[in-house]
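# Structural overview for review
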Amino acid sequence: MSHHITEARDLFYVYPDGRQAVSGISFRIHHGESVGIIGANGAGKSTLLMLLTGILRPAKGEVVIGEVRLTKDTLNMIRQRLGMVFQNPDDQLFMTTVHDDVAFGPRNLMLDEAQVEERVISALEKVGISHLKDRAPYHLSAGEKRAAAIASVLSMSPDILILDEPTSSLDPKSRRRLMKILSGFEHTKIITSHDLDMVLELCQRVIVMKDGRAIADGPAKDILTNKTLMEEAGLEIPLSLHGCPVCGRSKSDAD
Amino acid sequence: MPNIVNAIYNIRGFDELARQDSFIHRLHPLAKLLATLVYTVVLVSFDKYATIALLPFLFFPVFMAAAGRIPAVPILKRLLYIEPMIICVGLLNPLFDRGTTSILGQTMSSGWLIFISIVIKGSLAVATALLLMATTGMDGIALSLRKLKVPKIFVLQLMLTYRYISVLLEEAARTIQSYALRAFSSKGLKREVWGPLLGQILLRTMDRAQRVYDAMCLRGFAGEYHIGKAPRPSWGDFLYVMGWGTLFAASRAVNLPLWLGNLLTGAVK
């Protein structure tokens, strides 16, 4: 299954204003893995995602997707394998109906209209918003918009899903619904988030970033329960692992 | 501030109107575009003094609005925004053309007659273009333009401009809202902040537009705006274009109101 491997090899990126956003990051993500990329604001998470998708070009190092090096020539081919869901769904939904937004990718793949329709229906069903297909994206709630943005990526049948802060600005119910949807996907998932409870629930592996560097990479449970490491990265351990605010008993004691 | 929010809703209002279902909406976009193009060309081909002869041309936009169940208010409101420009175009005629001409047996300043003709032609053309948007949608218009072999770069320019207008307005609304919340007593925008606010709006819009473009590229966008496959034109579409085309040509060849007037007065005599 090497064709689904995502690899970053010693990536560096410097913004035009001189800010070093990513400094020598390397990792290898295997097929079907769910990896959380966490870190404080400005740690370089979003820049890393942009490097992985080829929106930005690394100053040094390389991105390899399924043994193919990301270059100008391979960009289009690689982007068919990657599906990126942006932090703000309004950046992603720009057509007049949800249907047209979800069909945007398949139409760019030059599929015939019957195949496009098939993919649109299937993607909308996967995220449970088939009933919204004729609605205008700007009329949807934040949770519905997020689901539509995910559907617009799923319709491209990507091997790897990249999600930038998928649960931000969602109410608890929409967040839970989204997590249920995401946990049902068998794709390789790369998720950046500050919602560490969501990361704990959805990801088996976590990469912690600080000042553009990966300071830890390992099993989610080990990393997210390491208080010293989390504090060093400007984070806290997930709320679900905190003790009871009333009696102070830890969750493990209660179990 | 409410004006900007209203502008956003107004723009989206056209998309909403275009999604309605009516006889006009079901017509092939190309048929509607062709009928509108023929209408506009015939309309502007009239003599500069033509006024009464233009009256039959009122029927086409009225028909489109009625058959497409398009409310008159949003169309008239937008027409009012454009009207000053149309008036500016025709305003110099009464000043420079001091001659007189006869219309319906009355003597009238030819400058003013040209002005009235320009206002009628301009208003009808703009109203019809707005109705085309309201019954076809920008996607349908773009699809038809591509069918007419308009280069894709122009169609893309049109589509992206249309999409980015709302992006620009949203950013402007946010910036002005945050200013208004901290400019307690001042009315409107102080002149000193015009520059910084405009710069902010521009930079934020460019950032946002870049993200929208990135999202498009990540989903395979490579310069061609694929809108889907249009249905095949039917005989009804063909008849629609031919029917209106014939009517426009007849109205151009014969001054219908004058002919009808003569017919009626002749019958009375």
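Conventions we followed
- Residues numbered from 1 in each chain as written.
- Chains lettered and ligands numbered in written order.
- Predicted model: local features only at pLDDT ≥ 70, side-chain atom pairs only at ≥ 80, totals over all residues.
- Pairing = 2+ DSSP bridges.
- Helix = DSSP H or I, 4+ residues; strand = E, 2+ residues; numbered from the N terminus.
- Axes fitted to C-alpha atoms, helices over the stretch in contact; angles between N-to-C directions.
- Core = buried A, V, L, I, M, F, W, Y, C linked by C-beta atoms within 7 Å.
- Buried ≥ 20, exposed ≤ 12 C-beta atoms within 10 Å, placed from the backbone.
- Contact = placed C-beta atoms within 7 Å.
- Nonpolar A, V, L, I, M, F, W, Y, C, P; charged D, E, K, R; others polar.
- pLDDT = per-residue confidence, 0-100.

Residues and elements named next belong to chain A. Reading across the sheet, the six strands line up as 6-7-8-3-9-10 and stay open at both edges, with mixed pairing between neighbours. Single-partner strands in this sheet number two, and they are strand 6 (82-85) and strand 10 (213-219). Ignoring which end each strand starts from, the neighbouring axes of this sheet average 15 degrees apart. Bridge analysis of strand 9 (residues 205-210) against strand 10 gives six bridges, and the strand direction is antiparallel. Each residue of the ladder has a partner; that of Val206, found in strand 10, is Gly218.

Right, let's get into the nonpolar core. Within the largest apolar cluster, 78 residues are counted, with the highest numbers of intra-cluster contacts made by Ala151, Ile162, Val199 and Val206 of chain A. Top element by residues in this core is helix 6 (residues 142-154) of chain A. It accounts for seven residues.

Contact with chain B, which involves 19 residues of that partner, is made by 21 residues of chain A. Only helix 1 (2-18), helix 6 (110-147) and helix 8 (191-218) of chain B provide two or more residues apiece to the side of chain B that touches chain A. Here the side of chain B that touches chain A takes six residues from helix 8 of chain B, the largest share from any one element. Among the residues forming the side of chain B that touches chain A, the class breakdown is five nonpolar, four polar and 10 charged.

The next subject is the confidence of the model for chain B. Residues and elements named next belong to chain B. When pLDDT is averaged along chain B, the result is 86; 94% of the residues meet or exceed 70. Looking at the elements of chain B, mean pLDDT is at its lowest for helix 1, recorded as 73, and at its highest for helix 3 (residues 29-44), recorded as 95. Scoring the predicted complex yields pTM 0.80 and, for the interface, ipTM 0.84.

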